[in-house]
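Listed here are the chains, written in short residue letters.
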Amino acid sequence: MRYRPRRVTPRREIIKLFLELYTESQIADRTGHSYESIENYIKEFGTVLVLHEQGMAAPMIRKVTGRSTRLIQVYLELLKEYARPEYAFRFNYLRTLVQVGENRPKKGGLGS
């Protein structure tokens, strides 16, 4: 059996819907993906946004996130495509989402 890499297309469509102000529930209804998967894709995209804004190059973003070069490229293309004032609200939300995730205590740490 020949190896087939996972398709990136569903993630592209999910992120586009998210940027166009659809809720995670609406995206799940439209795409058939689970709410949890959609949340993970959005967080992943937010991480790429923040790393890119910090000046990190695509190969390093790939290394840090553990995602494919192709997926990182798709996310960077979406950042460029949606880099307009009408999408600033979503990008601000993503930055906050990533920042909150970084400040969350790790499992097994103090207070667990």
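The structure under discussion appears in the preceding block.
This one's a predicted model, so the numbers in the text were calculated from it and none came from an experiment.

Asks: Describe the packing of aromatic side chains, and please don't skip the residues or the numbers.
Replies: One pass over the structure, following the stated rule, counts three aromatic pairs. Ring geometry for F18 against Y93: centres 6.0 Å apart, planes inclined by 45°, an arrangement best described as tilted. Linking F18 in helix α1 (residues 9-19) with Y93 in helix α6 (residues 88-103), this pair joins segments that are 75 residues apart in sequence. Judged by its relative accessible area of 34%, Y93 falls in the partly exposed class. Plain terms: the ring middles of Y82 and Y87 are 4.7 Å apart, the flat faces sit at 80° to each other, and that makes the pair edge-to-face. Of the two residues examined, Y82 and Y87, each falls in the buried class. When the ring centre of F18 is taken as reference, the NZ or CZ atom of R90 above it lies at 3.9 Å.

Asks: Go over helix α3 (residues 35-53) with me, naming the residues and quoting the values.
Replies: Between its first and last C-alpha atoms α3 spans 27 Å; for 19 residues at 1.5 Å apiece the expected length is 27 Å, and the two agree. Every buried residue belonging to α3 is among I38, Y41, I42, E44, F45, G46, V48, L49, V50 and L51, and all of these are buried. Trailing α3 by a residue or two, G55 shows a phi angle of about 90°, which is positive.

Asks: Give me the environment of I42: which residues, what numbers.
Replies: As for its placement among the helices and strands, I42 is situated in helix α3. Each C-alpha atom of the pair I42 and I15 lies 6.6 Å from the other, and the pair is 27 residues apart in sequence. Excluding anything up to four places from it in sequence, I42 contacts I15, F18, E24, L94 and L97.

Asks: Hey, could you go over helix α2 (residues 24-31) for me, with residue numbers and the actual values?
Replies: All of the buried residues along α2 are E24, I27 and A28. Down the axis of α2, the smallest arc covering the buried residues is 100°, so these residues share one side. Pointing more than 90 degrees away from the buried face of α2 are the exposed residues D29 and R30. Following α2 by one or two positions, G32 has its phi on the positive side, about 80°.

Asks: Quick rundown of the pattern of salt bridges? Include the residues and the values.
Replies: Applying the stated rule across the entire model yields six salt bridges. Between E81 and K16 there is a salt bridge; the shortest N-O distance is 3.7 Å. Of this pair, E81 sits in helix α5 (residues 69-81) while K16 is found in helix α1, placing the two residues 65 residues apart along the sequence. Exposure remark for K16: the relative accessible area of 22% places this residue in the partly exposed category. A salt bridge links E44 to R67; the nearest nitrogen and oxygen atoms lie 2.4 Å apart. On the criterion of sequence distance, the pair formed by E44 in helix α3 and R67 in the loop between α4 (58-65) and α5 is long-range, its members being 23 residues apart. Residue class for E44 comes out buried when judged on its relative accessible area of 10%. Linked by salt bridges that have partners in common, R11, E44 and R67 make up one network.

Quick notes on the rules
- Residues numbered from 1 in each chain as written.
- Predicted model: local features only at pLDDT ≥ 70, side-chain atom pairs only at ≥ 80, totals over all residues.
- Heavy atoms only, no water.
- Phe/Tyr/Trp six-rings, centres within 6.5 Å; stacked < 30°, edge-to-face > 60°.
- Helix = DSSP H or I, 4+ residues; strand = E, 2+ residues; numbered from the N terminus.
- Buried < 20%, exposed > 50% of the residue type's maximum accessible area, 1.4 Å probe, protein only.
- Lys NZ or Arg CZ within 6 Å of the ring centre and 35° of its normal.
- Expected span 1.5 Å × (residues − 1).
- Contact = heavy atoms within 4.5 Å.
- Arc of directions from axis to C-beta.
- Salt bridge = Lys/Arg side-chain N within 4 Å of Asp/Glu carboxyl O.

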